[in-house]
Every structure is written in C-alpha cells, then in structure tokens.
Amino acid sequence: PTTKTLYGACVTEFSPQTGLAVGEGGVALRLQNGTWSLIETGDGRTLRSVWCDSNGSTAWAVGDGGSIRYFAVGSPSKALSPPPGQPPNFTSVTGDGQSNGVVWIAAGTETLYALTR
C-alpha cells in the first residue's frame, strides 16, 4: 500500500505471515495474516533497517538523522531519542531475539550502539 522505496524488511521466526517493512520518508508497513497495511510513524526521515523479535510482538527500525522507531503490536509506533551529540545516520539494527533483551544499532562502519529494552 505504498509507492515509496522500501529499504528493510523482517518477518518473525515463528510466522512468515507476520513482519514489518520500512523505507523512504518514514514509511512503515505491517504484515499480518498475509496482508500488508500502512503504519503511521509521524516521522518523515527515511528508515533504512528493521528488526522483528522472534514472536512478532515488537520491532525496531532505524534510519537517517538518528531516527529510531519502536513498534509494538496494537500500539502506535514510538520515537526514541538518538545518543547525545550529532544524530548519526543509522544503517542497521538487530536484536538478541528476546522481547526484553538488547537491540544493536550500527551507524556507519565504526559506530555501534546497544539499547536495552
């Protein structure tokens, strides 16, 4: 349900019919029961990468200008503040597979941030 370029996608470990895709202009799409729907992020910064936890209850997306978004099933997406200083352009995100574990965010080739959930 978008014409914008998508840069990242994830599906959950237990259900290939549940996931998230993100991209240009802050667009986010949720895959649920095999159907894609648009999620309002309220942020125009491009999202470059997304990671879904193993059960599909939460997802994290990162992108340009220090953009960090948190998605939980049944709730609006939330913005999180980037680390102090100049907001980097985040390029990748991954987690430890648990809903309450650690999320790792990369910014370029030499910077890595760890967020606890």
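Residues numbered from 1 in each chain as written. Predicted model: local features only at pLDDT ≥ 70, side-chain atom pairs only at ≥ 80, totals over all residues. Heavy atoms only, no water.

Draft legend 1. The overall build of the protein chain, seen in detail. Tallying secondary structure elements over the protein chain gives zero helices and 11 strands in all. Starting at the N terminus, the α and β elements of the protein chain follow one another as β-β-β-β-β-β-β-β-β-β-β. Relative to the globule expectation of 13 Å for 117 residues, the C-alpha radius of gyration of the protein chain, 13 Å, shows essentially globular dimensions. In terms of principal-axis extent, the alpha carbons of the protein chain reach across some 40 × 30 × 25 Å. The buried share of the protein chain, taken over its 117 residues, is 42%. Put simply, 31% of the contacts in the protein chain that link residues at least 6 apart link residues at least 24 apart. Of the roughly 6,200 Å² that the protein chain leaves accessible, carbon and sulfur atoms contribute 50%. Computed over 7 positive and 8 negative side-chain charges, the inter-centroid distance for the protein chain is 6 Å. (Helix = DSSP H or I, 4+ residues; strand = E, 2+ residues; numbered from the N terminus. Rg over C-alpha atoms; globule rule 2.2 N^0.38 Å. Buried < 20%, exposed > 50% of the residue type's maximum accessible area, 1.4 Å probe, protein only. Contact = heavy atoms within 4.5 Å. Areas by Shrake-Rupley, 256 points an atom, 1.4 Å probe, with all protein chains shown as cover. Lys, Arg positive; Asp, Glu negative; His and termini not counted. Charge placed at Lys NZ, Arg CZ, Asp CG, Glu CD.)

Draft legend 2. Inspection of the confidence of the model for the protein chain at higher detail. Mean pLDDT for the protein chain: 89, with 96% of residues reaching 70 or above. Within the protein chain, the lowest mean pLDDT, 86, falls on strand β11 (residues 111-116), and the highest, 96, falls on strand β5 (residues 47-52). (pLDDT = per-residue confidence, 0-100.)

Draft legend 3. Summary view of unusual backbone geometry. Its identity as a non-glycine residue notwithstanding, N33 has a phi of 55°, on the positive side. Note on placement: N33 falls in the loop between β3 (28-32) and β4 (35-39).

Draft legend 4. Region of the structure containing the pattern of salt bridges. Applying the stated criterion across every chain, the model contains three salt bridges. Among the ionic pairs, D43 bridges to R45, the shortest N-O distance being 2.8 Å. Judged by its relative accessible area of 14%, D43 is buried. With its nearest N and O atoms 3.0 Å apart, the salt bridge here joins R48 to D64. In this pair, R48 is assigned in strand β5 and D64 in the loop between β6 (58-63) and β7 (68-72), connecting sequence segments 16 residues apart. For D64, a relative accessible area of 21% puts it in the partly exposed group. Taken together, the salt bridges that share partners define one network made up of D43, R45 and R69. (Salt bridge = Lys/Arg side-chain N within 4 Å of Asp/Glu carboxyl O.)

Draft legend 5. Structural detail: the sheet that holds β11. Spatially, β9-β10-β11 is the arrangement adopted by the three strands of the open sheet, whose pairing is antiparallel. Of all strands in the sheet, those with a lone pairing partner are β9 (92-95) and β11, marking the two edges. Mean inter-strand twist for the sheet, computed between neighbouring axes without regard to direction, equals 20°. As paired elements, strand β10 (residues 102-107) and β11 share six bridges and run antiparallel to each other. By the bridge assignment, V102 is partnered in β11 with T116. (Pairing = 2+ DSSP bridges. Axes fitted to C-alpha atoms, helices over the stretch in contact; angles between N-to-C directions.)

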